[in-house]
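Each chain, written out:
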Amino acid sequence: MGIEFVDLFNQWASSYDDTVAGKDPEYREVFEGYDEMLDRLAKLSISPVMEFGVGTANLTRKMVDQDKVVLGIEPSSEMRRIAKVKCPEAAIYDGNFLEYPHLLSPIRSIVSSFAFHHLTTEEKETAIKSFHGRLEKEGQVIFIDTLFENKDHKQSLVKNAEKSGFLNLAQDLQEEYYAYLEELKEMFINQGFKVNFEKLNKYAWLIQAKKGE
């Protein structure tokens, strides 16, 4: 993960919750139904849980309120500071998808919301391989993230953003490492997962990958 993302999230930390709540019109559709999506992800998770990209602990708080044991990983110091205030019961550590403390075992669920796209294709492959090693038998990876169905779908989203005057969103869609659905599906299958995808809004997808035997 590039240092530019850590710097970005340090700057974004104080206004992140306003953005995901839909107060920024440019990103409103990206996070449409955000709270309901996190509710669903939290309910699907099985304790003990490892969460990557804790952010301001919105998902973490929901899982802890369900009496789940959560080990959180977050690279941004400002995000961690807010997360520890919002959810002091959770153990939240400095780290990312590729480098993190191995303090909780066995893991039954690995979860993340709107973070996996910060990894390059090669980094995604490395991370998925490590997930398989960390999860117990039939453990699950459960993510919510923006995905593209194919190149045409990507271009249509970019053009729609530009047409609406959402130039920052259009730039993000082109420059960040959002995966193509079939590409991500192949990554999980190659590492021994059975994976399903469900579209939740115009941009966000639920990704459920269960570890095989």
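Residues numbered from 1 in each chain as written. Predicted model: local features only at pLDDT ≥ 70, side-chain atom pairs only at ≥ 80, totals over all residues. Heavy atoms only, no water.

Trainee: Describe in detail the packing of aromatic side chains, supporting the description with residues and values.
Mentor: Counted according to the given criterion, the structure contains 15 aromatic pairs. When the centroid spacing of 5.8 Å and the interplanar angle of 90° are considered together, the rings of Phe131 and Phe143 count as edge-to-face. Of this pair, Phe131 sits in helix α6 (residues 121–134) while Phe143 sits in strand β5 (residues 135–148), placing them 12 residues apart in sequence. Per residue, the accessibility class of Phe131 equals that of Phe143, and both read buried. Plain terms: the ring middles of Phe188 and Phe193 are 5.5 Å apart, the flat faces sit at 90° to each other, and that makes the pair edge-to-face. Per residue, the accessibility class of Phe188 equals that of Phe193, and both read buried. Through a chain of ring-to-ring contacts, the aromatic side chains of Phe52, Phe97, Tyr100, Phe116, Phe131 and Phe143 assemble into a single cluster. (Phe/Tyr/Trp six-rings, centres within 6.5 Å; stacked < 30°, edge-to-face > 60°. Helix = DSSP H or I, 4+ residues; strand = E, 2+ residues; numbered from the N terminus. Buried < 20%, exposed > 50% of the residue type's maximum accessible area, 1.4 Å probe, protein only.)

Trainee: Pulling in residues and values, what's your account of the pattern of salt bridges?
Mentor: Within the structure shown, the criterion is met by 10 salt bridges. Lys62 is the salt-bridge partner of Asp39, the closest N and O atoms lying 2.7 Å from each other. With Asp39 in helix α3 (residues 34–44) and Lys62 in helix α4 (residues 58–65), the pair connects residues that are 23 residues apart, well separated along the chain. In this structure, the salt-bridge partner of Lys199 is Glu149, at a minimum N-O distance of 3.3 Å. Here the residue Lys199 occupies a position in strand β7 (residues 193–199), and Glu149 occupies one in the loop between β5 and α7 (151–163), the gap between them amounting to 50 residues. (Salt bridge = Lys/Arg side-chain N within 4 Å of Asp/Glu carboxyl O.)

Trainee: Pulling in residues and values, what's your account of the pairing of β5?
Mentor: Most of β5 sits inside the fold, with 11 of its 14 residues counted as buried. As paired elements, strand β4 (residues 107–113) and β5 share 6 bridges and run parallel to each other. Bridge pairing in β5 places Ser112 opposite Phe143. Handedness of the crossover joining β4 and β5 through α6 is recorded here as right-handed. (Pairing = 2+ DSSP bridges. Right-handed = clockwise from strand over helix to strand, strands pointing away.)

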